[in-house]
Amino acid sequence: MNYIGSKYSLLEFLQNNIKAFTGYNDDDEFVFADLFAGTGVVGQAYREKGCYVISNDIQHYSYCLNKHFIENSASVDDSLLEHFNSLKPVEGFVYNNFCYGSGSGRNFFTDENGMLCDAVRQEIERLKNKKKIDEGTYYFYLASLINSIDKYANTASIYGAFLKHIKKTAQKKFKLELLPVIEGKKGEVYNEDAEALIKRIKGDVLYLDPPYNSRQYCSNYHVLETISRYDDPVVSGIAGLRDNSLQKSRFCSKKSVDTALEDVIKNADFKYIFLSYNNEGLMSPETIKNMFIKHGKYHCFTKEHKRFKADKEGKRNVLANSTTEYLHCLEKN
């Protein structure tokens, strides 16, 4: 997925410097926690290394993705792909609320793709309720649906708004594609507020990749959240936002971000803590450094990183093509 803040292109930078700071080798088995997992690329990398991974995100679509990537194994049933791709379109919640032909006025998917998404989503739930698939298989297909339908979205990468005309990639007929299975130890996955969860988990390496600015992920990816939960929420406004008041992060507010990070650091029962942040975030590098050094040995690595773009070049307010990515490192006292 083309996801804001994804660390896919920074994996080598992260892994090399985490290794350098901790002294852990690739074949060492340690507990690695990813508290703001997103699409889970960092946790996947450490599961592949043999680590026991704890993954968490307050967004339910992220939880589903990581339930598959961190907990599933090769024994998951992949035989139902043809069945799902042969389903007939149905007029469900996605079509009725996110497709123009339903009268909703929203244009996130073509009418056919919205109805195909509904058909697959309803069938996944039916099979689970009838106990014809187990939990692992349920999250396998649900995660695959979330990942697949995103490729057909008529947006400029995020769901804060839809495009007026259907773009070429969104015009293609939806087809479910299965996600790969990550081999490694079965970890544990949570769908909780990071500040609450940190008080109940422990391990060796804690990786933090919180939101950097005031834009809330719950608003940017609300359509995927609704597909994931499929809970018939009341949606409103031009974009069809669901009530996300319980998912808003204190890391997205200038007033609360310092306290939020301090609370996580203070309550973390981990030897090493790493924070990904960039030079355009709400907190300055100096603020983070001063906070970290109160709790132990500190170091920082930096790398120039290509900016995430979710709109056309000519309409962007920020003209820089790159940002400086910081990896703040702490060995706790």
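Residues numbered from 1 in each chain as written. Predicted model: local features only at pLDDT ≥ 70, side-chain atom pairs only at ≥ 80, totals over all residues. Heavy atoms only, no water.

## A short note on the pattern of salt bridges
What the rule picks out here adds up to 17 salt bridges. Across the pair Lys7 and Glu325 runs a salt bridge whose closest N-O atoms are separated by 3.9 Å. Taken together, the residues Lys7 in the segment before α1 (11-22) and Glu325 in strand β7 (residues 322-332) connect sequence positions 318 residues apart. On the basis of relative accessible area, Lys7 is assigned to the buried category, the value being 4%. Between Glu177 and Lys151 there is a salt bridge, and its shortest N-O distance comes to 3.7 Å. Taken as a pair, Glu177 in the loop between α8 (168-171) and β3 (188-190) and Lys151 in the loop between α7 (135-149) and α8 lie far apart in primary sequence, 26 residues in all. Residue Glu177 is classed as partly exposed on the basis of its relative accessible area, which comes to 38%. (Salt bridge = Lys/Arg side-chain N within 4 Å of Asp/Glu carboxyl O. Helix = DSSP H or I, 4+ residues; strand = E, 2+ residues; numbered from the N terminus. Buried < 20%, exposed > 50% of the residue type's maximum accessible area, 1.4 Å probe, protein only.)

## A closer look at the packing of helix α3 (residues 60-71) against helix α11 (residues 222-229)
It is the contact of α3 with α11, at a shortest axis distance of 7 Å, that shows an interaxial angle of 60°. As judged from the angle between their axes, α3 and α11 are oblique. The segment α3 lies against α11, with His60, Tyr61 and Cys64 engaging Leu224, Glu225, Ser228 and Arg229. The class makeup of the residues in the contact of α3 with α11 is three nonpolar, two polar and two charged. (Axes fitted to C-alpha atoms, helices over the stretch in contact; angles between N-to-C directions. Parallel < 35°, antiparallel > 145°, perpendicular 65-115°, else oblique. Contact = heavy atoms within 4.5 Å. Nonpolar A, V, L, I, M, F, W, Y, C, P; charged D, E, K, R; others polar.)

## A look at the sheet that holds strand β1 (residues 31-34)
Within the open sheet, the seven strands sit side by side as β3-β2-β1-β4-β5-β7-β6. Their pairing is mixed. In the strand order of this sheet, the two ends are held by β3 and β6 (296-306), each with one partner. Ignoring strand direction, the axes of neighbouring strands in this sheet form an average angle of 15°. Examined bridge by bridge, β6 and β7 share eleven bridges and lie antiparallel to one another. For Tyr298, the partnering residue across the bridge sits in β7 and is Leu330. Here α1 sits on the sheet in contact with β1, β4 (202-208), β5 (269-278), β6 and β7, set at roughly 25° to β7. (Pairing = 2+ DSSP bridges.)

Just distances and angles here, no functional claims.
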